[in-house]
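Read off the chains here:
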Amino acid sequence: MFGTTRQALWWISVASLSCAIACGDDSGSGGSGGSGTGGGGGGSPAEVFSANIVRTSFGVPHVTADDFGGLGYGAGYAYAQDNFCVLMREVIVSNGESARWFGEDEGNISKDYVFTFFNNDDFVANEFLPGASEDLQALIRGYAAGLNRYLGETGVDGLPEGPEGCRSAPWVREIGIVDLGKVYWKLTVLAGIDSTDALIMAAADVAPAQTLAAASFLPLESQAVNWDALGLRPPETYGSNAYAIGASGSQTGAGLLLGNSHFPWQGSQRWYVQHLTIPGEYDVFGSSLQGVPVVNIGFNADMAWGHTASSAQRFGLFELDLVDDNPFQYRYDGEIRDIEVNPVTIGVRLPDGTVEERTKNIYMSHFGPIVNLAPLSELAGGWPTVAGSVFALRDANIDNSRILDQFKSMGQARSVDALEDALRDLGLPWVNTLAADRGGDAIYGDLTAAPHVTQGLLDECATSLLAIAITSQGIATLDGSRSECEWGTDDDAPPGILGFDRLPRLRTGGDVEYVSNSNDSYWLSHPDALLEGYSPIFGRNGFNPPERIEQSLRTRQGFVQAEERIAGTDGLGEPGFNANVLREIMFQSRNISGELARSEVLAVCDGVDDWSGGSCGEESNPYTANPLQAAQACEVLADWDGLFDVDSVGSALWLNTWTRMDRTEDLWLVPFDPDDPVSTPNTLNVANPDVLEVTRCALGAGVDFLVEGGIPLDRPWGEVQFRFNGDRSERIAIHGGPGRFMWSNINANFVEGEGYSDIRTGNTYIQVVTWDDGPCPVAFGVTTYSQSADLASPHYSDWTEAYSTKSWTELPFCREDVEAQSISEIDISTDD
């Protein structure tokens, strides 16, 4: 169907899938409420799956089975008990049916078109799924069977209610292996096709009906990529922090890992904590994204790893030279190629409940889909552009069939050396990896599937005025008329993907006591071992340049904390890391913006004689509409402890002041120095009249926001930022603040009359892992939003309450520890 853009893709062998279908797995037809896309029971009647499930504190399931089919069965059943509806909704989205079932407002029409086309039944069953190992085939079949056992026992009318529930919903049905394949492929292209759906569908709005005409134009202004304008997720949307400590930074000589993921608090990208065991073959504790039957972030007996969202680009653009008299053809190596027209039909539920069919075209070149870049600039938009061209998108992960087997092999690696070998498969799609082991080795690496784009290729092939301008804004844009401008290939990598030895990585040893990442450039993974000379495709700030660039405040705070710990100057005891110190650092709630700038902001605040004066914004408004409260602001900030703890007073005022001033030009007196990236820039530049006035205006506007929102300036932070329990009878105070200016990251929307109660992203699954002389890992963890999205579940907010009080849970790994913490145990089998 997709020609050269779909090369021998993916998972579960054709023979096994055919057997499953022949034996009764109706993978091509929907069940109750389905529409012919991937329903079915998942697993043939001839297969027998069985598993033991022990639940420990906070509802964590420990699933033990004799084989991968049984492991999937137990994992799917346990997961479904907590979150079946979350996955069911994601199945609908992955099938391109969100608008059909949820309507135009709640659904996403552009994603429906894109997933209906790219993620269709035939592709998933015959290309995507056939690439997995036999173990993964069985795991997925068992997982689907476990999900459907739960649904059969509970019934549609017994499913959870609430915002993430699906009780009695007409779109609930059995989940098949094809459904799961669609969910996994959607995760794989999260940083590519999934993020660019609006640009793909916008091409249909400007598809030409006329011949081309050349036009003169001015080049685009060179600047960092405007993610919002393109409708793309900015790199910080999916964040995370991690430390991996080697022997020279450890007080015990064993490695240590702190993983602090920053993913959404709702929906399919919540983490689910599980312990999966096949004795002697696979024994891994950690967290997985919804519906994933392997551990994505976790630890085994001897090695622990975490991930942070990588700054690298996962897609690129090619500028096609259109034929003068046919805008649906382009030149390639002197030949003419056609742009394929693919009509795609979706259903859209109307307010009266009827479903309307709508059809739009998706246009394909041999690189991938045609996109309309009008959101970036009118000059780069349209079909044709003013240069008589059009742009095509290529996703580095569209052929990545290695992802689930990659996580399986990572979980089986018992050392950093073995993990590094496992990562040579290049199955990770868009995350950095940090890991440590019992022997005291640790590593950072962006060891992922990344486009094979070198600086030399950019120099040779990003040559048109539009390509130069778009590349300078952060998206590699190459000449699509020459084969020598295709992405390159290395012997140790799939076509178009950078080989393992070209990827940035750093091991501990010598002066490198630890490695760290908080989503900024790979360049700064340790202050004394900067990584340089890699492909510009890895750069956080586009290509100008990818290295030696200013780091975010969150990244800088992470290194400030680490360097103070290595030196022993943070008041936490003798130099070096141990598990207790890592846990304390995690929940300190320090705010680096306050540490860098509060004294100057206070001086500005104290210097304001008349808060009703000022000239703020384009309309030259006064500093504040609440001068009496503004006069109190200086005292509140002076008494603030500088933290975002639940009892900190002044945090809300600092948040609403700093975020109104932190992107001011010439904000800092001491500029960024690439030779000192942790400490620079610094010192608020209040000698600059513009910065001085912006600071006054920010203070006044911050006061106004809180007053108008009904929040007293002296209200403790935990009463301003909180989450409700399941029945909204209690508020659970939440420490931490926006990753824009601190390390312990909580990003929340302000709800009128409540406060910052709509928490979107931030601290989620957090783990601290190390080892002592015993056979079991020493592990502690917490999941900030708890295990279940079911409002009625006892595990909807129990772990959230522990997080609120900065409590950690000992994560039991060895069997005797699991039994000691057991709260329930069942054995299940398909023979039941």
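The structure we're discussing is the one just above.
Throughout what follows, the structure given in this document is the object of discussion.

What counts and what doesn't
- Residues numbered from 1 in each chain as written.
- Predicted model: local features only at pLDDT ≥ 70, side-chain atom pairs only at ≥ 80, totals over all residues.
- Heavy atoms only, no water.
- Buried < 20%, exposed > 50% of the residue type's maximum accessible area, 1.4 Å probe, protein only.
- Helix = DSSP H or I, 4+ residues; strand = E, 2+ residues; numbered from the N terminus.
- Pairing = 2+ DSSP bridges.
- Core = buried A, V, L, I, M, F, W, Y, C linked by side-chain atoms within 4.5 Å.
- Contact = heavy atoms within 4.5 Å.
- Expected span 1.5 Å × (residues − 1).
- Polar contact = N/O pair within 3.5 Å; in protein donor to acceptor, adjacent residues only side chain to side chain.
- Phe/Tyr/Trp six-rings, centres within 6.5 Å; stacked < 30°, edge-to-face > 60°.

## What about the pairing of strand β2 (residues 60-64)?
Turning to step 1, where the next piece is worked out: Of all the 5 residues making up β2, 4 are buried; the element is thus mostly covered by neighbouring parts of the structure.
Turning to step 2, where the next piece is worked out: Relative to β2, strand β1 (residues 50-56) runs antiparallel, the two sharing 5 bridges. What sits directly across from Thr56, in β2, is Val60.
Turning to step 3, where the next piece is worked out: In this sheet, strand β5 (residues 271-278) lies alongside β2 in parallel orientation, the contact comprising 3 bridges. When the sheet's bridge partners are listed, His62 is paired in β5 with His275.

## Here we look at the nonpolar core
Soluble, globular proteins show a tendency: their nonpolar side chains are buried together.
Turning to step 1, where the next piece is worked out: By size, the foremost hydrophobic cluster in this structure holds 249 residues, and its most contacted members are Phe84 and Trp658.
Turning to step 2, where the next piece is worked out: For this core, the element with the most residues is helix α2 (residues 68-94), which contributes 16 residues.
Turning to step 3, where the next piece is worked out: Leave out the neighbours within four places in its chain, and Trp658 touches Leu553, Ser593, Ala597, Leu667, Trp668, Leu684 and Phe741.

## Regarding helix α7 (residues 177-188)
Turning to step 1, where the next piece is worked out: For α7, which comprises 12 residues, the first-to-last C-alpha distance of 16 Å matches the rise-based estimate of 16 Å (1.5 Å per residue) to within 8%.
Turning to step 2, where the next piece is worked out: With respect to burial, α7 is a largely interior element, 12 of its 12 residues being buried.
Turning to step 3, where the next piece is worked out: Along α7, the residues that are buried comprise Ile177, Val178, Asp179, Leu180, Gly181, Lys182, Val183, Tyr184, Trp185, Lys186, Leu187 and Thr188.

## A short note on the side chain of Asp82
Turning to step 1, where the next piece is worked out: Residue placement: Asp82 occurs in helix α2.
Turning to step 2, where the next piece is worked out: By relative accessible area, which is 7% here, Asp82 ends up buried.
Turning to step 3, where the next piece is worked out: A distance of 2.6 Å separates a polar atom in the side chain of Asp82 from a polar atom in the side chain of Tyr272.
Turning to step 4, where the next piece is worked out: When sequence neighbours within four positions are dropped, the list of residues in contact with Asp82 reads Arg55, Gly59, Tyr272, Gln787, Ser788, Ala789 and Asp790.

## A few points about the packing of aromatic side chains
Turning to step 1, where the next piece is worked out: If you walk through the whole model with that rule in mind, you get 41 aromatic pairs.
Turning to step 2, where the next piece is worked out: A ring pair is formed by Phe318 and Trp487, whose centres lie 6.2 Å apart and whose planes are at 40 degrees; its orientation type is tilted. With Phe318 in strand β9 (residues 315-323) and Trp487 in the loop between β18 (477-479) and β19 (505-507), the pair connects residues that are 169 residues apart, well separated along the chain. Comparing Phe318 with Trp487 shows no difference in burial state: the two are buried.
Turning to step 3, where the next piece is worked out: Ring centres of Trp640 and Trp654 lie 5.5 Å apart, and the angle between their planes is 25 degrees; on these two criteria the pair is classed as stacked. Of this pair, Trp640 sits in the loop between α17 (627-639) and α18 (651-658) while Trp654 sits in helix α18; the two residues are 14 residues apart in sequence, bridging distant segments of the chain.
Turning to step 4, where the next piece is worked out: Residue class for Trp640 comes out buried when judged on its relative accessible area of 2%.

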